[in-house]
Amino acid sequence: MLRLIGIEFKRGLLMLRRYPMEMVGQLIVITMIFYGLFLGARYIAGPTAQFGERLDALVVGYVLWTFALFAIGDLSWGLMDEARTGTLEQVFLSPYGPSRVYLARNVAGLLVTLALNLGILLLIQLLTGVRLDFSPAVLAPLGAVLLGAYGLGFMLGALALLFKRIQAFLNLFQFVLMFLIMTPFEQFSGTARLAGELLPMTIGAGQLRALMARGEAFDPVVFGLALASGLAYLIAGLWVFDRAVRAAKERGLLGGY
Amino acid sequence: MSVLVCEKLQKTFHSRGRSTRAVQGVSLRVAPGEVLAFLGPNGAGKTTTIKMIAGLVRPDAGTVRVAGRDPHRDPWALREVGAVLEGNRNVYWRLTPLENLEYFGVLRGLSAAEARRRGRALLERFDLTDKQNALTQQLSRGMQQKLAIAVSLVHEPSLLLLDEPTLGLDVEAAETVKRMVRELAAGGQAIVLTTHHLDVAQQLSHRVAIIREGRIVAEDHTDALLARFSGEQYEIEVAGEIDAARRERLRALGAEPLEGRVVYLGAPEGLWDVLEALRPLPILRVEKDRADLTEVFLKLIREEERA
């Protein structure tokens, strides 16, 4: 698996280098957004998850939003693109199987995006002299939320395999993501709370709100639940994707579009 | 021992309430070093069969064994399969040839270092070394096809599936691909080749299987199939006019003198008497009628249509 992640990381970096304008554009956008946040323009991050008024809360909210969007959509966009350009079947000829290859591709993609964002963030801190001040404990629920997001990503990937063109649906999914991340289910009670927390990403997002907006202490039990939810959705996503691969092979859907 | 054994493959596709029986009971075998030309009109079931062999389409019934393993049950059976699929780019255009070879090598189970090493050797073998660092999208169509074949071989599979490998190539590039197929087969590679270029199939294949409407309608060694459809007649082309006396003698020998040529339909040893009767007219050509694969293909397909 490490071998696969390594080669996918290399492929990801090479592809990025081969689209220089796209990379420069991406860098400029990320830099401007972070710089704007640092200068106090909180509206610049758009309708993102905001976990409080403080700068570190704004940055964490923005990072979570962009990473979750990436985790949910990247696989589906990639599948649609590869089916169009005609490399999908070659990837499916791998004895590792498509689930493992795409899981490795997701991890590698996350590493590349993480490196880009962290690099810019550090650079801006150096340039502005403003230091972010948040507890490393924040990273734990962030990771749990991303696991759930990747689970959803695999479920949408399954749809992309079977129904081919799901661009409109993917764009619509931004609102679903906003609902999942922004609704404070942890402050609901009774069945509404239980139902909300059974949804993907909600427990981790709630813990981030508790840590950053309400200044509460890190609760390992809540984190345990967030992690369990993230893992459960990731496993469910992989299972659904495997079923979709099987169905696509049954129906002969793996060719070009 | 066969590298590929397919038994009674069946596949029906269902779409919008309609069923299409794409493949009905196809069985194939290919031995090491053998090229099987798998021919058929459009929509006959060639690509579906190839994809069932490659594990990309699941058969409704029947079995596939590649080097003794079933790619539909054991994913590592795919380690023994290399495929260049028609209508696909098969490789990443934004990567260089060497990067493609390394990437797909690792995807097929090699270490990155081993994939790079084999990749360099393949680029040299396929005359692409000077292009190893160029972007694939900048290569000619012929070079891209050579690269796709190189990528399909990087993990040294026992079975190579080539779906229309000469489609869209110019004459020179097609010749290069043909030479590569011959060399690979001579090196022991088992190859299944589908093509609409029947002259290519005739030149490259050891055996031919012809599929129509999902069923195999003929399967034999290429030479045997051609012989089966070849006539017994000889045609002799001569310069100068055949005079009346010679015409009479030729007819007595069972030959038919025509304008500038003689057609003989008799025992092969009688041909010498026909040639003697023509002496001293200059003989331009003596040829036994021999069907080519195009004739065989069309005859079989039309016979099936009539049936």
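Here the structure is a predicted model, which means the values were calculated and not measured. (Residues numbered from 1 in each chain as written. Chains lettered and ligands numbered in written order. Predicted model: local features only at pLDDT ≥ 70, side-chain atom pairs only at ≥ 80, totals over all residues.)

**A closer look at the overall build of chain A**
Thought 1: Helix and strand counts for chain A stand at 10 helices and zero strands.
Thought 2: Counting helices and strands in the order they occur from the N terminus, chain A gives α-α-α-α-α-α-α-α-α-α.
Thought 3: When the backbone C-alpha atoms are referred to their principal axes, chain A occupies close to 55 × 50 × 35 Å.
Thought 4: Relative to its full complement of 257 residues, chain A shows a buried share of 37%. (Helix = DSSP H or I, 4+ residues; strand = E, 2+ residues; numbered from the N terminus. Buried ≥ 20, exposed ≤ 12 C-beta atoms within 10 Å, placed from the backbone.)

**Focus on helix 5 (residues 98-128) of chain A**
All names here are of chain A.
Thought 1: With 31 residues, helix 5 extends 44 Å from end C-alpha to end C-alpha; this agrees with the ideal 45 Å at 1.5 Å per step.
Thought 2: Of all the residues in helix 5, the buried ones are P98, Y102, L103, A104, R105, N106, A108, G109 and I124.
Thought 3: G129 lies just past helix 5 and shows a positive phi near 75 degrees. (Expected span 1.5 Å × (residues − 1).)

**Looking at the confidence of the model for chain B**
Residue and element names in this part refer to chain B.
Thought 1: When the pLDDT values of chain B are averaged, the result is 89; 99% of them are 70 or greater.
Thought 2: Mean pLDDT across the elements of chain B ranges from a minimum in helix 10 (residues 293-306), with 77, to a maximum in helix 2 (residues 97-107), with 95.
Thought 3: Confidence metrics for the complex model read pTM 0.83 and ipTM 0.84. (pLDDT = per-residue confidence, 0-100.)

**Observations concerning the sheet that holds strand 12 (residues 261-264) of chain B**
All names here are of chain B.
Thought 1: On the basis of which strands lie adjacent, the open sheet formed by four strands has the order 11-12-10-13 and antiparallel pairing. On the outer flanks of this sheet lie strand 11 (255-258) and strand 13 (283-288), each paired with one strand and no other. On average, each strand axis in the sheet is tilted by 15 degrees relative to the strand beside it, whichever way the strands run.
Thought 2: Pairing geometry for strand 10 (residues 234-238) and strand 13, over five bridges, is antiparallel. Looking at strand 13, one finds that V238 is bridged to I283. (Pairing = 2+ DSSP bridges. Axes fitted to C-alpha atoms, helices over the stretch in contact; angles between N-to-C directions.)

**Points about the pairing of strand 2 (residues 18-30) of chain B**
Every regular strand shows the same layout, with side chains that alternate between the two sheet faces.
Residues and elements named next belong to chain B.
Thought 1: Across 10 bridges, the pairing between strand 1 (residues 4-15) and strand 2 is antiparallel. The residue bridging S15 from the neighbouring strand is R18, located in strand 2.
Thought 2: In this antiparallel pair of consecutive strands, strand 1 and strand 2, the connection spans two residues, and R16 shows a positive phi of 50 degrees.

**A few points about the environment of L271 of chain B**
All names here are of chain B.
Thought 1: Note on placement: L271 falls in helix 9 (residues 271-278).
Thought 2: Expressed as a C-alpha distance, the spacing of L271 and V35, which sit 236 residues apart in the sequence, is 35 Å.
Thought 3: Apart from residues lying up to four places away in sequence, L271 is in contact with Y234 and Y264. (Contact = placed C-beta atoms within 7 Å.)

**Considering the interface of chain A and chain B**
Thought 1: Contacts between the two partners involve 26 residues from chain A and, on the opposite side, 30 residues from chain B.
Thought 2: No other element matches helix 1 (residues 2-18) of chain A, which puts eight residues into the side of chain A that touches chain B.
Thought 3: The residue makeup of the side of chain A that touches chain B, split by class, is 10 nonpolar, nine polar and seven charged. (Nonpolar A, V, L, I, M, F, W, Y, C, P; charged D, E, K, R; others polar.)

**Re the domain arrangement of chain B**
Thought 1: Segmenting chain B into domains produces domain 1 (4-228) and domain 2 (232-288).
Thought 2: Distance from the C-alpha centre of domain 1 of chain B to the C-alpha centre of domain 2 of chain B: 47 Å. (Domains from an automatic or database assignment.)

**Brief notes about the pairing of strand 10 of chain B**
Thought 1: Relative to strand 12 of chain B, strand 10 of chain B is paired through four bridges, and the arrangement is antiparallel. Bridge pairing in strand 12 of chain B places Y234 of chain B opposite Y264 of chain B.

**Considering helix 6 (residues 139-163) of chain A**
For an α-helix, the turn length of 3.6 residues means that residues three or four places apart are oriented alike.
Thought 1: Under the 1.5 Å per step criterion, the end-to-end length of helix 6 of chain A is 35 Å for 25 residues, consistent within 8% with the ideal 36 Å.
Thought 2: Downstream of helix 6 of chain A by a residue or two, K164 of chain A has a phi angle that is positive, lying close to 70 degrees.

**Points about the packing of helix 6 of chain A against helix 10 (residues 220-251) of chain A**
Residues and elements named next belong to chain A.
Thought 1: One can describe the packing of helix 6 onto helix 10 by two numbers: an axis separation of 8 Å at closest approach and a directional angle of 15 degrees. It follows from the interaxial angle that helix 6 and helix 10 lie roughly parallel. With respect to the hand of their crossing, helix 6 and helix 10 are arranged in left-handed fashion.
Thought 2: For the contact of helix 6 with helix 10, a count of residues per class yields 26 nonpolar, seven polar and no charged. (Parallel < 35°, antiparallel > 145°, perpendicular 65-115°, else oblique. Left-handed = near helix turned anticlockwise from the far one by under 90°.)

**What to know about the environment of M80 of chain A**
All names here are of chain A.
Thought 1: As for its placement among the helices and strands, M80 is situated in helix 3 (residues 55-85).
Thought 2: What makes M80 buried here is the crowd of 20 C-beta atoms within 10 Å.
Thought 3: As for M80 and G237, which are separated by 157 residues in sequence, their C-alpha atoms are 18 Å apart.

**Notes on the nonpolar core**
Thought 1: Formed by 140 residues in total, the largest nonpolar core has its most connected members in A68 of chain A together with L4, L161 and L193 of chain B.
Thought 2: Leaving out residues up to four positions away in the same chain, L161 of chain B has contacts with I50, I53, A54, V81, A83 and V192 of chain B.
Thought 3: Counting residues in each nonpolar core, the second largest holds nine residues, with Y234, L250, V274 and A277 of chain B among its members. (Core = buried A, V, L, I, M, F, W, Y, C linked by C-beta atoms within 7 Å.)

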